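# Residue-level structure breakdown
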Amino acid sequence: MDLLRSAVMRLGRRLKHQRVDESLSPTEMSVLGTLARCGSATPGELARKEHVQPPSMTRIVALLESKGLVRLDPHPEDRRQKVVSQTEQAEAMLEESRRKRNAWLAELAGRLDEEERAALRVAAPVLEKLANL
């Protein structure tokens, strides 16, 4: 497990450096990614998904809103709450970020032999499941 933990952490750090917009923190990018994967959510739901405290998420959402990357709409059932959604600007930025990171990862994987690339294809769904547990 030490080898897996260490490799995943190092690769994750290197992937984080392949950002398109350097003005966003990794946490802000993570929130945008969660919105892209899961759809609109309340700040409380985002806080749970991102494993941060609700006041921290409120600050993150406010920053993202000020940058035009999310919008806040009234909750359809509870007017005391807001629903956070990503904007088209955020979608375009995330797509460009994915493209850049995928290209970087593909370039790295191109340095592996076919057997190693096959092992990665088999491991990817397991790592995805592990990331979502």
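Residues numbered from 1 in each chain as written. Predicted model: local features only at pLDDT ≥ 70, side-chain atom pairs only at ≥ 80, totals over all residues. Heavy atoms only, no water.

Named according to an unreviewed UniProt entry, the chain is MarR family transcriptional regulator originating from Streptomyces pactum.

Following the UniProt record, the feature "domain: HTH marR-type" (unreviewed entry) maps to residues 1-129 here. Here residues 1-129 is 67% helix and 8% strand, with 16 Å between the C-alpha atoms at its ends. (UniProt positions renumbered as here; feature names shortened; annotations may be inferred. Helix = DSSP H or I, 4+ residues; strand = E, 2+ residues; numbered from the N terminus.)

A few words on a nonpolar patch on the surface. A surface patch of nonpolar side chains, about 660 Å² in accessible area, is lined by Met-1, Leu-4, Val-8, Leu-127, Leu-130 and Leu-133. Taken together, the elements giving at least two residues each to the nonpolar patch come down to α1 (2-16) and α6 (114-132). As for its placement among the helices and strands, Leu-130 is situated in helix α6. (Patch = residues over 30% accessible without salt bridge, like charges linked within 9 Å, V, L, I, M, F, W, Y side chains within 5 Å. Areas by Shrake-Rupley, 256 points an atom, 1.4 Å probe, with all protein chains shown as cover. Salt bridge = Lys/Arg side-chain N within 4 Å of Asp/Glu carboxyl O.)

Right, let's get into unusual backbone geometry. Positioned with a positive phi, His-51 is a non-glycine residue whose angle comes to about 60°. Summarising the element assignment, His-51 is placed in the loop between α3 (43-50) and α4 (54-66).

Applying the stated criterion across every chain, the model contains nine salt bridges. Residue Asp-2 is joined to Arg-5 by a salt bridge in which the shortest nitrogen-to-oxygen separation is 3.7 Å. Of the two residues, Asp-2 and Arg-5 both sit in helix α1, three residues apart, roughly one turn of that helix. A relative accessible area of 57% means that Asp-2 is categorised as exposed. Taking the relative accessible area as the measure of exposure, Arg-5 reaches 45% and is therefore partly exposed. Here Arg-121 and Glu-114 are joined by a salt bridge, their closest N and O atoms 2.7 Å apart. Accessibility expressed as a relative area gives 46% for Glu-114, which makes it partly exposed. Residues joined in a network through salt bridges with shared partners are Glu-114, Arg-117 and Arg-121. (Buried < 20%, exposed > 50% of the residue type's maximum accessible area, 1.4 Å probe, protein only.)

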